[in-house]
Amino acid sequence: MPKPMSAARSTSIGLLTAASLVLALSGCATYDVTAPADARAEAPAADVRTKDTALAAAKDAKAPRGAAGDDIDCRKAKCVALTFDAGPSENTSRLLDILKKEKVHATFFMLGENHVEKRPAEVKRIDAEGHELANHTWSHQILTEITPEAAQREMSRLQEAVRKITGKTPRLMRPPQGRTDGSVSEISKNLGLAQVLWSVTAKDYQTHDSALITKRVLEQTERDGIILLHDIYRGTVPAVPGILKELKKRGYTVVTVSQLLSPAKPEPGMVYRP
């Protein structure tokens, strides 16, 4: 008998044509979705004990913290994840300077073509300074509109490029335009990638007005949210200091996606959406 799906998870089925109905009924067109808070609540007790024990030991030994927010428990703290898509770019170094000054870490969903392949130094710095490396495909093709083989290449090519530069393989993937389906989820699962959507968007691809970008982010942000920005647009990076200042003033702790999910671990194939 199949294991019942948790109540915290929902199954999403897109608009189906007659031809795809058979696939839907067989489960191939479905995918699992969960929210960060639900993922934390469902984390095995062993994971919770392991994390708490490790944190206690580190504090007792007065061990230095790694990335900012490593010892943050988002079950208790008012957390929000900060993410940047489609870089690295000529703006990324300035962004990293800001994040370092503010002692904040973010998740970078990177593109391969014309980005990772041309800016390996920025990729190395993102990793070296404690930020989270993540996958936004090789060339930003819409994964639901290409063949499964092409979709796998889009994801796996970026995985390999980041691994060659940093020695690390991303565990998170953001599908371009947030468009996913059962096939994309299955490929993601096979590649060890969890999918991450968002709850806050400044639509910074529409404007270079930093004040407007800041306003849009702050209006939408709530606890356990995931903020989507792009470090490729010239209005975005100048907005970051003001966004961080106001979020901290409102009591938010800014973290990476994996920190937001902890003590749960990103589950390959799962779609995380606040």
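Residues numbered from 1 in each chain as written. Predicted model: local features only at pLDDT ≥ 70, side-chain atom pairs only at ≥ 80, totals over all residues. Heavy atoms only, no water.

A. Representation of the overall build of the chain in the model. In terms of regular secondary structure, the chain is built from 11 helices and 11 strands. Expressed as a percentage of the 274 residues in the chain, the buried residues total 48%. Taking the contacts inside the chain whose residues are at least 6 apart along the sequence as the reference set, 74% of them involve residues at least 24 apart. When the accessible surface of the chain is totalled, it reaches about 13,400 Å², and 52% of it is carbon and sulfur. (Helix = DSSP H or I, 4+ residues; strand = E, 2+ residues; numbered from the N terminus. Buried < 20%, exposed > 50% of the residue type's maximum accessible area, 1.4 Å probe, protein only. Contact = heavy atoms within 4.5 Å. Areas by Shrake-Rupley, 256 points an atom, 1.4 Å probe, with all protein chains shown as cover.)

B. Summary view of the environment of Glu 117. Of note, Glu 117 is situated in the loop between α5 (112-116) and α6 (120-128). As a C-alpha pair, Glu 117 and Leu 158 span 41 residues in sequence and 9.2 Å in three-dimensional space. Discounting chain neighbours no more than four positions away, the residues touching Glu 117 are Gly 112 and Trp 138. There is a polar contact of 2.8 Å between the side chain of Glu 117 and the backbone nitrogen of Asn 114. (Polar contact = N/O pair within 3.5 Å; in protein donor to acceptor, adjacent residues only side chain to side chain.)

C. Quick peek at the packing of aromatic side chains. If you walk through the whole model with that rule in mind, you get one aromatic pair. Residues Phe 84 and Phe 108 carry aromatic rings whose centres are separated by 5.5 Å and whose planes lie at 25° to one another, so their mutual orientation is stacked. With Phe 84 in strand β3 (residues 79-85) and Phe 108 in strand β4 (residues 107-110), the pair connects residues that are 24 residues apart, well separated along the chain. For Phe 84, a relative accessible area of 1% corresponds to the buried category. In this structure, Lys 78 is placed above the aromatic ring of Tyr 252, and the distance from its NZ or CZ to the ring centre is 4.3 Å. Above the plane of the ring of Phe 109 lies Arg 174, whose end atom (NZ or CZ) is 4.3 Å from the centre. (Phe/Tyr/Trp six-rings, centres within 6.5 Å; stacked < 30°, edge-to-face > 60°. Lys NZ or Arg CZ within 6 Å of the ring centre and 35° of its normal.)

D. The arrangement of the pairing of strand β9 (residues 226-230) in detail. Most of β9 is tucked away: five of the five residues are buried. The two faces of β9 match: Ile 226, Leu 228 and His 230 on one face and Ile 227 and Leu 229 on the other face are all buried. Two elements, β3 and β9, share five bridges in a ladder whose sense is parallel. In the strand pairing of β9, Leu 82 is matched with Ile 227. Note that strand β8 (residues 200-201) and β9 share two bridges and pair parallel. Looking at β9, one finds that Val 200 is bridged to Ile 227. You can see the chain leave β8, run along helix α9 (residues 210-220) and come back into β9, and the turn it takes is right-handed. (Pairing = 2+ DSSP bridges. Right-handed = clockwise from strand over helix to strand, strands pointing away.)

E. Spatial organisation of the packing of helix α4 (residues 92-102) against helix α10 (residues 240-249). Running from N to C, α4 and α10 cross one another at 25°; their axes reach a closest spacing of 10 Å. In terms of their interaxial angle, α4 and α10 are classed as roughly parallel. Between α4 and α10 lies a crossing whose hand is right-handed. Judged by residue contacts, Leu 95, Ile 98, Leu 99 and Glu 102 of α4 engage Val 240, Pro 241, Leu 244 and Lys 248 from α10. For the contact of α4 with α10, a count of residues per class yields six nonpolar, no polar and two charged. (Axes fitted to C-alpha atoms, helices over the stretch in contact; angles between N-to-C directions. Parallel < 35°, antiparallel > 145°, perpendicular 65-115°, else oblique. Left-handed = near helix turned anticlockwise from the far one by under 90°. Nonpolar A, V, L, I, M, F, W, Y, C, P; charged D, E, K, R; others polar.)

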